[in-house]
Protein chains: 2
Amino acid sequence: MNGKQMIENDVSTEEKIKIAARKLFQEKGFDGTKTRDIAKESGINIALLNYYFRSKQKLFEIIAAEAVKDLFFNLLTILENEDSTIDHKLSQFVEHHVDLLKSNPNLIHFVLSSSHENNPTVESLLNDFKIKAIQSSFASQYIQYAKENKLSESPVHYLLNIVSLTVFPLMIKRLFEGGFDIDPKIYDELLEERKILIPKWIKGMSEA
Amino acid sequence: MNGKQMIENDVSTEEKIKIAARKLFQEKGFDGTKTRDIAKESGINIALLNYYFRSKQKLFEIIAAEAVKDLFFNLLTILENEDSTIDHKLSQFVEHHVDLLKSNPNLIHFVLSSSHENNPTVESLLNDFKIKAIQSSFASQYIQYAKENKLSESPVHYLLNIVSLTVFPLMIKRLFEGGFDIDPKIYDELLEERKILIPKWIKGMSEA
DNA sequence: ATTTGATTTAAACAAATGTTTAATACTTTT
DNA sequence: AAAAGTATTAAACATTTGTTTAAATCAAAT
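Now for a description of the structure that goes with this document. (Residues numbered from 1 in each chain as written. Chains lettered and ligands numbered in written order. Predicted model: local features only at pLDDT ≥ 70, side-chain atom pairs only at ≥ 80, totals over all residues. Heavy atoms only, no water.)

## Description of the relation of the copies chain B and chain A
At an RMSD of 0.1 Å, chain B and chain A line up after a rotation of 180° and a shift of 0.0 Å along the axis. Between the two chains, the operation in question is that of a two-fold axis. Interface residue correspondence from chain B to chain A reaches 100%, placing this contact among same-surface, isologous pairings. (Least-squares fit on C-alpha atoms with pLDDT ≥ 70 in both. Contact = heavy atoms within 4.5 Å.)

Here it is as structure tokens:
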């Protein structure tokens, strides 16, 4: 039942299905992905999808929850690090997310659309994240930062600005390159530049 | 004859279908929207969809192209206005897009995912926009602005920053409210504040 | 009033889709 | 080696889905 009888260095059938499902769900969404496509992509018999995961819906919920974890887990370890300054956390955040989303361009779209459906696991993961983020050392460091810079605006603006400047350019990469007919490498270089520029800009904004 | 029927009689069958299709495609995507859903939502017989639009695919392409126009047309008139300063254009851009995307929260997601599919009409619209944006008075005003502020970075960064700070917070509205359990009105107020804050921040960034 | 053409309808169609079944192969336990 | 449990398969299944058909209704032109 638990499929742990595999030879250690082979990929289990269960995992093969998940790898294919992850790829297809993130690319084509829930409705755009057909169970037969998942079977073909993973090279398994279609009945095994239901054998291991009960239904396409259940499989999707597992994949969606894992995507949310992928996106937020590393973020949390950055925020919670007691031994790094707020400036260092900011740099780390930008660097980590540019790299993560460069190698996984559909992750953000997938998490956003998954969060719009009713998925209790996803919702509880997001709530968990919220609580831990508020309790993190980053939160107290920000209060100090706001005092020093005499910031009157909501701390949410600060967070929104960091995330917006970092993540949005990765979301429109394809739109940009398609519509504007630009060499992918040029845009990639711009994204690399932003790893250093965004922390600088954020400071400039606080002083404005 | 009641009021509802009169209103319905004013709208052609073709337009009724497009209104329903626009709503459903933007909400559920191409694969998530079923032709019978469109028929039910618009109150027409399902055969009329194919009678007026040949296929679900053709209908989708029309809706997608119109969405791209909705998003970029007003932007272009702002950029091309010879009688407004670059600062005024910036304020106008932020204000217009916050309002537009507040009333049409799915528009961005829809345009982004539409641009990922192969749709010649959408692609040519995006290329048109590119050419006109480069030729606009905004482009020459930016060159002047970059000189005055001794900006060494690519002008693309400047544009990316404006669009990121404006648009991204609207894209994650639902994720934010869901995961963070926040009153929708509070977030709406934050978005209103950003109409004034973003132009201020952009200036601060240029001086950093 | 009749004819012509456009619009609308219920029903039918074939293909696709998610899921289940029942038989077969493979592993582990006894 | 036999039995029991697990994994895999081809085929079947009931629905759903996009599209078409052929008849009916309506509007305008002759």
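## Here's the deal with unusual backbone geometry
Residue Lys150 of chain A is not a glycine yet carries a positive backbone phi of 50°. Structurally, the position occupied by Lys150 of chain A is in the loop between helix H8 (137–148) and helix H9 (155–171). (Helix = DSSP H or I, 4+ residues; strand = E, 2+ residues; numbered from the N terminus.)

## Looking at the interface of chain B and chain A
With 40 residues of chain B at the contact, the number on the chain A side is 40 residues. Here chain B packs against chain A, burying approximately 4,100 Å² in sum over the two surfaces, 71% of which is carbon and sulfur. It is His157, Phe168 and Leu175 of chain B in chain B that bury the most area against chain A; as a group they hold 15% of the surface buried on that side. Joining chain B to chain A, the criterion identifies two salt bridges. With a closest N to O distance of 3.2 Å, Lys200 of chain B and Glu153 of chain A form a salt bridge. At the boundary of chain B with chain A, the tally comes to eight residue pairs in polar contact (both at pLDDT 80 or more). (Buried area = accessible area lost by both parts, 1.4 Å probe. Salt bridge = Lys/Arg side-chain N within 4 Å of Asp/Glu carboxyl O. Polar contact = N/O pair within 3.5 Å; in protein donor to acceptor, adjacent residues only side chain to side chain.)

## Thoughts on the protein's contact with DNA strand D
In the vicinity of DNA strand D there are 19 residues, among which Thr13 and Tyr52 of chain A together with Thr35, Arg36 and Lys56 of chain B approach most closely. Sugar and phosphate atoms form 55% of the subset of DNA strand D atoms that lie within 4 Å of the protein. Within the backbone of Asn45 of chain A, a nitrogen or oxygen atom sits 3.3 Å from a phosphate oxygen of DNA strand D. At 2.6 Å, a side-chain N or O of Lys56 of chain B approaches a phosphate oxygen of DNA strand D. In terms of residue count, the dominant contributor to the surface near DNA strand D is helix H3 (residues 47–53) of chain A (four residues). Tallied by class, the residues present in the surface near DNA strand D amount to seven nonpolar, eight polar and four charged. (Near = heavy atom within 4 Å. Nonpolar A, V, L, I, M, F, W, Y, C, P; charged D, E, K, R; others polar.)

## Some details on the packing of aromatic side chains
Summed over all chains, the structure comprises 18 aromatic pairs over all chains. Aromatic side chains Phe72 of chain A and Phe129 of chain A sit 4.6 Å apart centroid to centroid with 50° between the ring planes, which places their arrangement in the tilted category. Taken together, the positions of Phe72 of chain A in helix H4 (residues 56–80) and Phe129 of chain A in helix H7 (residues 120–135) put the pair 57 residues apart, joining distant regions of the chain. The class of Phe72 of chain A is buried, set by a relative accessible area of 14%. A residue is classified by how much of its surface remains accessible, and Phe129 of chain A, at 8% relative accessible area, is buried. Taken together through their ring pairs, the aromatic side chains of Phe25, Phe30, Phe60 and Phe110 of chain A make up a single cluster. Above the plane of the ring of Phe30 of chain B lies Lys56 of chain B, whose end atom (NZ or CZ) is 4.3 Å from the centre. (Phe/Tyr/Trp six-rings, centres within 6.5 Å; stacked < 30°, edge-to-face > 60°. Buried < 20%, exposed > 50% of the residue type's maximum accessible area, 1.4 Å probe, protein only. Lys NZ or Arg CZ within 6 Å of the ring centre and 35° of its normal.)

## Notes on H8 of chain A
Residues and elements named next belong to chain A. An ideal rise of 1.5 Å per residue puts 16 Å on twelve residues; H8 measures up with 17 Å between its terminal C-alpha atoms. What H8 keeps buried is the set Ser137, Phe138, Tyr142, Tyr145 and Ala146. The arc enclosing the buried residues of H8, seen along the axis, measures out at 165°, which places them on a common side. Seen from the buried face of H8, the exposed residues on the opposite side, beyond 90 degrees, are Ile143 and Lys147. The elements touched by buried residues of H8 are H4, helix H5 (86–103), H7, H9 and helix H11 (184–207). Looking at the residues trailing H8, positive phi occurs at Lys150, about 50°. (Expected span 1.5 Å × (residues − 1). Arc of directions from axis to C-beta.)

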